[in-house]
Amino acid sequence: MRSYCFLNYYRKLFKHAQIRRYSSNSDGKFKTKIENIRNIGILAHIDAGKTTTTERMLFYSGTIRSMGEVHHGNTVTDYMEQERQRGITITSAAVSFPWHGTQINLIDTPGHIDFTMEVEQSLAVLDGAVIVLDASAGVEAQTLTVWRQANGYRVPRILYLNKMDRPDADINACVRSVREKLQVTPLLVHTPITKEGKLIGLVDLVTCEEVIWTQGRGQNFIRRALTEKQDGGNWEKIMNSHRQLIDTLSSLDDQLAEIIIQQETLDNIAHQEVTDAVRRCTLNMKGFPVLCGSSYKNIGVQTLMDSIVSYLPSPLECNKIYKVFGSELAGRAFKVQHDDQRGVLTFIRLYSGEIEKGQKIYNLAREKSEQTGSLYVALADEYKPVDKVTAGNIAVVSSLKATMSGDLITSTQSSAKRARVELSSWLEEPGQVDELMLPSARQRLQNLESEPTNDELAQVLLGIGTTIPEPVFLCSIEPPSAAYQTALETALAELQREDPSLRVTTDEDTGQLVLAGMGELHLEIIKERIIREYKIEVELGALQIAYREALLGPARATQAVDRKIGNQRQSIKVDMSAKPVKGVTQDKLFRLDKTADSAANLAHIHPRVMNSIHQGVQSALNHGPKLGCPLVDVQVTLHWLELGRGTSESVVTATVVQCLRKVFEEAESVLLEPMMALEVVVPESHAARVSADLMRRRVEVRGVQVRHANKVIDCIAPLSELLGYSSTLRSLSSGLASFTMEFHSHRHMSPLDEQKAIKDVTGL
């Protein structure tokens, strides 16, 4: 009753105010120019409200007629059966919708660290991003991860403080955590309006207006300019916040600073000037707008969409590197999906030109041409056939066999050559390399032994893919019978193409298929998908930790083979050494001895023989002497090779493997275990029990913070001690605690822990 009276009071108060229906029903009939397109992603910690926010955006834009809820399992972007059952996002989903003359192409990404590859793939093609924060928690562990990823791709961002309706929501604490944890300048452009503890609207500090949501499902609102006469004591408080925003902007933006100097006051600055300053700061990533709302309560979503249009860039304002293609087709694949009816679907972000149904394309990374099939635009799992997709949009193409996530495509090979030449000339200008560099390109350039030329730089910059994280869990996978073996291998090949963070190998000793993934949930989802989508009742073996091995010192050995196999004599002698080299890159794992005698001996090795040696080195490095785990930070050197006439390549490979095994055993190795950055949020009443349990797990506590009535424990923990930790934590805290973890590093194990690990894996 009190709420009704309050809303009735507001209706009378604003009877002269402009009442607008703040939802779009344009149905996308307008022709969208490229400057009116926004390609954005929704990124956040798990359960911050990404999918709920996306669902509201689709509803208010008129794209869907009713709002789904995550807990009801009926949202548009969480379309997979596993997503709807678990209430989490597993795979990224692309949707497009109109908003007040602008088309927003949005990608909803997972929040769980096990699916961080989906976020990495999406960030590579985004122009801007919305980082959703839980207003009661501020910056959380996974927020830091996605922020670091977005920094790597230099994606402009705005922050949306969701769940402002919660009683423990604290906008000041959130802004403080953004400043301290993310080390950036927050630009607070919204503050909440509450009445009797209930969120009813927000104040726009840019325009000094208040927005009150009144009735319906969040579709209607009242916007009113605040005045000193009508708003009394609240007016001065809001004006102080407005001046503080302008003051912060003036320290970041020279244009606004000049206007303030001319006017000699922070007051009476035109609202458009402030908006433009916020936009410039956002695009240059000098400051990050902070908005607020409650998506579940249908408050603040429309103002969020307005801010996306106002502050985030159009395709013309970024993606400079793709301008070398001119009007030719340029697009980057960022997602591959297998559809029962349509076959292989490849999602491509177009940067220039246009793509047509059945068009032939050229893949720069694979250096081959492919014929496209059907062409679609996507709304999550629904695909609308189209004849043409233009620059700035996301196209879904069928029938591509070789194109993988991260590959760059254009129309012809000659277009690719022209683009490389153009980019090479650009790179002669000072500062261009740093401006165009992305994480995966930087990583690839570090692998080069000599300083790259501009042509090599252009080749790397245009050919880059996404950075694939290392797996931390292993398990065997078996079909119900041998009859399903081929079908299982096909299913795993398709899943591996969709998700590059999934690794599939065959154990040489047992012949078993081995899955390697990012976590327990990751592998569990893979199993469920094989059962549900491919109808194969597979069984997973016990989870194993993805240990690594490292050499303790250098060693050298010689291996000779001289025997007759069949009618052919096989004769070979190799002399090889290995030594630990911290951070050695992939192309420097194997080298030839450059001393005079060795160089003369090795100068005439046939390319086929050299290829066999490379295969042997790689095979040996994949199986360390202690536990058969991959060896890291090792450099192998070939000193001498004597090869008899007619010796087969397989004998060369086998001899190299045997020689290196002798080297590794002589050098001795140590196990490296994966360490995880673990964050546990637990009520203070249960904190002592949880802390005591953590101490038994060999954790290294980095810090403990108090957040409302909870303690947040930040620590580094061995992954081997965290198997099944979710159920343990649930019982210790009566279900009130939660945790997140991500891979941190590999660390040497003590002899005692090493013996325990070997016993756990081998049973001996």
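The shown structure was predicted, so the numbers you read here are calculated from the model rather than taken from an experiment.

## Here we look at the overall build of the protein chain
What the protein chain contains, in helices and strands, is 22 helices and 36 strands. Since a compact globule built from 764 residues should have a radius of gyration of about 27 Å, the 29 Å found for the protein chain is in line with a globular shape. Referenced to the eigenvectors of the C-alpha coordinate spread, the extents of the protein chain come out at roughly 100 × 65 × 55 Å. Every one of the 764 residues in the protein chain was classed for burial, and the buried ones make up 54%. Once local pairs closer than 6 in sequence are excluded, the contacts in the protein chain between residues at least 24 apart make up 73%. When the accessible surface of the protein chain is split by element, carbon and sulfur atoms take 48% of a total near 34400 Å².

## Considerations on the sheet that holds strand 19 (residues 382-385)
Read from one edge to the other, the open sheet built from eight strands follows the order 17-16-22-13-14-21-18-19, with strand pairing classed as antiparallel. At either margin of the open sheet sits one strand with a lone partner, and together these are strand 17 (368-371) and strand 19. Across the sheet, the axes of successive neighbouring strands diverge by a mean angle of 40 degrees, strand direction being ignored. Of the pairings in the sheet, the one linking strand 13 (residues 330-339) to strand 14 (residues 343-352) comprises nine bridges and is antiparallel in character. Its bridge partner being in strand 14, Gln337 is matched across the sheet by Leu345.

## What to know about unusual backbone geometry
Backbone geometry at Lys535 places phi at a positive 55 degrees, although glycine is not the residue there. Here Lys535 is to be found in the loop between helix 16 (520-534) and strand 26 (539-540). Phi is positive for His708, which is not a glycine, with a value near 60 degrees. With respect to the helices, strands and loops of the structure, His708 is situated in the loop between strand 34 (700-707) and strand 35 (710-718). On the basis of relative accessible area, His708 is assigned to the partly exposed category, the value being 40%.

## Overview of the pattern of salt bridges
Once their charged atoms are close, side chains differing in charge can pair, the charge on each being opposite to the other. The full count for this structure, using the stated rule, is 34 salt bridges. When the shortest N-O distance is used, the salt bridge between Arg280 and Asp253 registers 2.8 Å. Taken together, the positions of Arg280 in helix 9 (residues 271-283) and Asp253 in the loop between helix 7 (228-252) and helix 8 (254-263) put the pair 27 residues apart, joining distant regions of the chain. Take Asp253: its relative accessible area is 7%, and that puts it in the buried class. Across the pair Arg503 and Glu470 runs a salt bridge, and its minimum N-O distance is 3.9 Å. Taken as a pair, Arg503 in strand 24 (residues 503-506) and Glu470 in the loop between helix 14 (454-463) and strand 23 (473-478) lie far apart in primary sequence, 33 residues in all. Overall, Glu470 belongs to the partly exposed group, its relative accessible area being 41%. Where salt bridges share partners, they join Asp134, Lys163, Arg166 and Asp168 into one cluster.

## A short note on the sheet that holds strand 31 (residues 590-592)
Spatial ordering of the open sheet is given by 29-30-32-31, a layout of four strands whose pairing is mixed. In this open sheet, the two edge strands, each paired with only one partner strand, are strand 29 (555-565) and strand 31. On average, adjacent strands in this sheet sit at an angle of 30 degrees to one another, irrespective of strand direction. Sheet analysis places strand 29 next to strand 30 (residues 568-580), joined by 11 bridges and oriented antiparallel. From the neighbouring strand, Asp562 faces strand 30, where its bridge partner is Ser571. Docked against the sheet, helix 18 (residues 607-621) engages strand 30, strand 31 and strand 32 (634-643), running at close to 140 degrees with respect to strand 32. Against the sheet, helix 19 (residues 649-667) makes contact with strand 29, strand 30 and strand 32, and its axis sits at roughly 150 degrees relative to strand 29, the strand it touches most.

## Some remarks on a nonpolar patch on the surface
Among the surface-exposed residues, Met695, Val701 and Val704 lie close enough to one another that they form a single nonpolar patch of about 260 Å² accessible area. Secondary-structure assignment places Val704 in strand 34. Judged by its relative accessible area of 48%, Val704 is partly exposed.

## Some points on the packing of aromatic side chains
According to the stated counting rule, one finds eight aromatic pairs in the structure shown. When the centroid spacing of 3.7 Å and the interplanar angle of 10 degrees are considered together, the rings of Tyr322 and Tyr351 count as stacked. Residue Tyr322 is located in the loop between helix 10 (301-311) and strand 13, and its partner Tyr351 is located in strand 14; the two are separated by 29 residues in the primary sequence. Here Tyr322 falls in the buried class, since its relative accessible area comes to 7%. Relative accessible area serves as the criterion here: at 10%, Tyr351 is assigned to the buried category. Here a set of aromatic residues connected by ring pairs shows up, and it is made of Phe334, Phe347, Tyr376 and Tyr383. The ring centre of Trp426 lies 5.7 Å from the NZ or CZ of Lys320, which sits over that ring.

## Things to note about helix 21 (residues 725-732)
Taken together, the buried positions of helix 21 are occupied by Tyr725, Leu729 and Leu732. End-on view of helix 21: buried residues confined to an arc of 65 degrees, all on one side of the axis. Where helix 21 is buried, its residues contact strand 33 (669-683), helix 20 (684-695) and strand 36 (738-748). Ser734 occupies a position one or two residues after helix 21 and carries a positive phi of about 55 degrees.

## As for the side chain of Thr52
Looking at the secondary structure, you find Thr52 in helix 2 (residues 50-60). Aside from chain neighbours lying at most four places away, what touches Thr52 is Val70, Ser295 and Tyr296.

## A closer look at the nonpolar core
Ranked by internal contacts, the top residues of the largest apolar core, which has 64 residues, are Leu123, Leu159, Leu161, Phe325, Phe347, Leu423 and Leu462. Excluding residues that lie within four positions of it along the chain, Leu423 makes contacts with Ile321, Val324, Leu436, Ala458, Leu461 and Leu462. Residues Phe59, Met67, Ile193 and Cys208 belong to the second largest nonpolar core, which totals 54 residues.

## Concerning the confidence of the model for the protein chain
Detailed reading of the predicted model is not advised wherever pLDDT is low. On average, residues of the protein chain score 87 in pLDDT, and 93% of them reach the 70 mark or higher. Note on residues 1-30: pLDDT under 50 across the span, and 51 contacts to partners over four residues away in sequence or across chains.

## A closer look at the pairing of strand 6 (residues 157-162)
For strand 6, the buried fraction is high: six of the six residues fall into the buried class. The side-chain alternation of strand 6 yields two buried faces, one formed by Arg157, Leu159 and Leu161 and the other by Ile158, Tyr160 and Asn162. Note: strand 5 (residues 128-134) against strand 6, six bridges, orientation parallel. Following the sheet pairing, Leu133 is matched in strand 6 by Leu161. For the handedness criterion, the β-α-β arrangement of strand 5, helix 5 (residues 141-152) and strand 6 is classed as right-handed. In terms of strand pairing, strand 6 meets strand 12 (residues 288-292) through three bridges, oriented parallel.

## Focus: the packing of helix 20 against helix 21
One can describe the packing of helix 20 onto helix 21 by two numbers: an axis separation of 9 Å at closest approach and a directional angle of 145 degrees. For the pair helix 20 and helix 21, the sense of crossing is right-handed. Counted together, His686, Arg689, Val690, Asp693 and Leu694 of helix 20 and Tyr725, Thr728, Leu729, Ser731 and Leu732 of helix 21 form the full contact between these two elements. Partitioning the contact of helix 20 with helix 21 into residue classes produces five nonpolar, three polar and two charged.

Procedures and definitions
- Residues numbered from 1 in each chain as written.
- Predicted model: local features only at pLDDT ≥ 70, side-chain atom pairs only at ≥ 80, totals over all residues.
- Heavy atoms only, no water.
- Helix = DSSP H or I, 4+ residues; strand = E, 2+ residues; numbered from the N terminus.
- Rg over C-alpha atoms; globule rule 2.2 N^0.38 Å.
- Buried < 20%, exposed > 50% of the residue type's maximum accessible area, 1.4 Å probe, protein only.
- Contact = heavy atoms within 4.5 Å.
- Areas by Shrake-Rupley, 256 points an atom, 1.4 Å probe, with all protein chains shown as cover.
- Pairing = 2+ DSSP bridges.
- Axes fitted to C-alpha atoms, helices over the stretch in contact; angles between N-to-C directions.
- Salt bridge = Lys/Arg side-chain N within 4 Å of Asp/Glu carboxyl O.
- Patch = residues over 30% accessible without salt bridge, like charges linked within 9 Å, V, L, I, M, F, W, Y side chains within 5 Å.
- Phe/Tyr/Trp six-rings, centres within 6.5 Å; stacked < 30°, edge-to-face > 60°.
- Lys NZ or Arg CZ within 6 Å of the ring centre and 35° of its normal.
- Arc of directions from axis to C-beta.
- Core = buried A, V, L, I, M, F, W, Y, C linked by side-chain atoms within 4.5 Å.
- pLDDT = per-residue confidence, 0-100.
- Right-handed = clockwise from strand over helix to strand, strands pointing away.
- Left-handed = near helix turned anticlockwise from the far one by under 90°.
- Nonpolar A, V, L, I, M, F, W, Y, C, P; charged D, E, K, R; others polar.

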